[in-house]
Amino acid sequence: MSDQNENGTARGIGGFKVKAGLAQMLKGGVIMDVVTPDEAKIAEEAGACAVMALERVPADIRAQGGVARMSDPEMIRGIMESVSIPVMAKARIGHFVEAQILESIGVDYVDESEVLTPADEEYHIYKHDFKIPFVCGCRNLGEALRRIGEGAAMIRTKGEAGTGDVVEAVRHARTVLGEIRKLQSMPDEELMTFAKNIGAPFALVKETKELGRLPVVNFAAGGIATPADAALMMQIGVDGVFVGSGIFKSGDPVKRAKAIVEATTHYNNPDIVARVSENIGEAMVGINISSLPEMEQIARRGW
Amino acid sequence: MKIGVLALQGAFIEHIKILRQLGVETAEVRLPADLADLDGLIIPGGESTTIGKLAVMYNLMEPLRQFAAEKAVWGTCAGMIFMAKDIGVDQPLLGIMDIVVERNAFGRQVDSFEADLRIEGWPAEAKPFPAVFIRAPKLIETKETAQPIATLADGSLVAAQQGKWMVTSFHPELTLDDRFHRYFLDIVGR
């Protein structure tokens with residue numbers, strides 16, 4: 001619809017405000033990876049604020065190898081029909097046709113994700129061209145602001161997907177938030193050189209300094225496996241959490257999903273986090289990051 | 001004056017920021033005890049299923065209903081769903097306001113939009129309000145003393161008031177325009 005200013009007339013579908021706005025509605029919540037409509041229903045029932053529809057969770061992508069691509073649209077549709085909460089789906093980095101397909105199906109958010117095998121080793125998708133919003137991964141402030149410059153309406157720190165080891169999620173969140181704190185204490189004459197050094201658009205560097213936070217919502221992802229992990233990321237200062245393999249690769253997904261939701265809401269209340277951590281079955285087995293060869297680290301994908 | 005914002009999930013910080021800019025004391029509400037000494041409550045946008053489930057798990061439903069029986073409450077988007085008596089599907093609801101609401105009535109995220117709205121009861125010369133609709137619910141019907149206060153060009157009802165209770169299917173907390181927050185503070189002060 002065009003710009004009209006008559007009372008009550010819609011003056012825009014798919015503007016940046018509504019794209020970034022949906023992410024604001026997800027804050028304080030848990031977004032869960034699901035591979036079937038039944039898992040999606042379990043996630044919704046547990047209190048997930050959105051689900052990520054995919055064919056294989058990162059732990060399986062890691063174990064099985066091969067090229068990881070966008071999921072079958074029919075399978076994504078099945079998940080969209082099974083729940084009332086927003087449904088996200090992943091496209092490969094740089095694969096704008098997969099993103100066009102996801103837009104055509106009508107998913108609520110596209111994750112341009114390093115968890116899938118990149119389709120372009122130099123360029124990401126130009127996300128401003130789309131009516132649906134995108135979330136992208138980052139390891140540091142420069143990467144976050146480059147993605148926002150390309151049109152990402154939500155950011156997640158990458159962590160190391162499919163490991164169940166929270167150490168990289170902590171490293172990336174601390175890096176982004178630490179760089180923002182440093183930026184806030186910088187006089188304006190230093191901003192251009194800072195922008196050059198981190199490879200970020202100057203206008204977004206300036207805006208981040210003024211806001212004292214990223215200009216869009218920032219979740220943590222990659223390795224969160226327990227209620228305590230979720231509360232840890234929230235206390236470090238992210239807006240919400242993605243949990244991938246951590247739920248449906250655990251011993252009791254129903255209990256664990258619910259416990260992680262509760263720990264994310266009550267992240268500042270150790271009594272509650274303690275109570276919900278009790279008796280929730282085995283956590284996913286996990287892979288210690290320090291045992292993972294550099295070549296197998298997913299977070300290194302993205303530029 | 002002290003206003004609480006239900007902080008189980010969703011865009012509660014956005015409401016708190018605007019209230020603070022207006023010089024109002026605020027509190028995040030996650031447990032029944034957090035409702036003590038509040039003059040009014042905002043239920044923010046977020047996922048209504050998530051908010052409802054957490055409210056049930058943490059025994060907030062009855063305390064919230066008791067609070068609303070005496071004090072002003074404003075629900076935005078998910079908050080509007082949560083306050084409704086009837087939404088046609090089964091999920092936890094406060095069920096205080098005499099309205100029928102349809103979830104995601106405008107479609108999915110691809111259909112989310114912005115619109116300029118004239119608000120009933122506001123001065124005729126007031127600028128239209130820049131309303132942001134995100135996977136928004138719609139008011140299908142207002143009953144008893146509930147009255148619609150904003151309507152889209154296609155006739156969709158998107159805001160209503162019933163005494164000290166107000167609902168908007170859009171998000172004033174996502175705009176720089178603080179008139180709805182000031183309007184709510186007027187209701188609280190009455």
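Before reading on, note that the structure itself is shown above.
**Student:** Got a minute to help me understand the nonpolar core in this structure?
**Tutor:** Soluble globular proteins tend to pack their nonpolar side chains together in the buried interior. Among the nonpolar cores identified, the biggest contains 93 residues, and Met 32, Ile 76, Leu 102 and Met 233 of chain A together with Phe 82 and Ile 99 of chain B are the most heavily contacted of them. Judged by nonpolar contacts, the second largest core, of 33 residues, contains Ala 72, Phe 133, Ile 149 and Ala 159 of chain B.

**Student:** I would appreciate a short explanation of the interface of chain A and chain B in the present structure.
**Tutor:** It is common to report an interface's size as the accessible area lost on association of the parts. On the side of chain B, 43 residues touch chain A, which itself brings 49 residues to the contact. Between chain A and chain B, a total of about 3600 Å² is buried, with carbon and sulfur atoms accounting for 53% of that surface. Across the salt bridge formed by Glu 45 of chain A and Lys 53 of chain B, the nearest N and O atoms sit 3.6 Å from each other. When residues of the side of chain A that touches chain B are traced back to their parent elements, those giving at least two are strand E1 (10-13), helix H1 (16-26), helix H2 (37-46), helix H12 (253-265) and helix H13 (270-277) of chain A. For the side of chain A that touches chain B, a count of residues per class yields 19 nonpolar, 18 polar and 12 charged.

**Student:** For this particular structure, what's the right way to read the packing of aromatic side chains?
**Tutor:** All names here are of chain B. Applying the stated criterion across every chain, the model contains 15 aromatic pairs over all chains. Relative to Phe 180, the ring of Trp 122 lies with its centre 4.9 Å away and its plane at 50°, an arrangement referred to as tilted. One end of the pair, Trp 122, is in the loop between strand E7 (113-117) and strand E8 (129-133); the other, Phe 180, is in helix H5 (residues 179-189), and 58 residues separate them in sequence. By way of ring pairs, the aromatic residues Trp 74, Phe 106, Phe 113, Trp 122, Phe 129, Phe 133, Phe 170, Phe 180, Tyr 183 and Phe 184 are connected into one cluster. The side chain of Lys 138 reaches across the aromatic face of Phe 106, ending 4.9 Å from its centre.

**Student:** Please clarify how the pattern of salt bridges should be interpreted in this entry.
**Tutor:** Side-chain pairs of opposite charge can arise where the charged atoms are in close proximity. All names here are of chain A. For the structure shown, the criterion picks out 29 salt bridges over all chains. The residue Asp 60 makes a salt bridge to Lys 249 at a minimum N-O spacing of 2.9 Å. Of this pair, Asp 60 sits in helix H3 (residues 58-64) while Lys 249 sits in the loop between helix H11 (245-248) and H12; the two residues are 189 residues apart in sequence, bridging distant segments of the chain. Of the charged contacts, one joins Lys 158 and Glu 143 as a salt bridge, the two residues approaching to 2.7 Å between their closest N and O atoms. Within this pair, whereas Lys 158 is found in the loop between strand E7 (154-157) and helix H7 (167-184), its partner Glu 143 is found in helix H6 (residues 141-150), the two being separated by 15 residues in sequence.

Calculation rules
- Residues numbered from 1 in each chain as written.
- Chains lettered and ligands numbered in written order.
- Predicted model: local features only at pLDDT ≥ 70, side-chain atom pairs only at ≥ 80, totals over all residues.
- Heavy atoms only, no water.
- Core = buried A, V, L, I, M, F, W, Y, C linked by side-chain atoms within 4.5 Å.
- Buried < 20%, exposed > 50% of the residue type's maximum accessible area, 1.4 Å probe, protein only.
- Contact = heavy atoms within 4.5 Å.
- Buried area = accessible area lost by both parts, 1.4 Å probe.
- Salt bridge = Lys/Arg side-chain N within 4 Å of Asp/Glu carboxyl O.
- Helix = DSSP H or I, 4+ residues; strand = E, 2+ residues; numbered from the N terminus.
- Nonpolar A, V, L, I, M, F, W, Y, C, P; charged D, E, K, R; others polar.
- Phe/Tyr/Trp six-rings, centres within 6.5 Å; stacked < 30°, edge-to-face > 60°.
- Lys NZ or Arg CZ within 6 Å of the ring centre and 35° of its normal.

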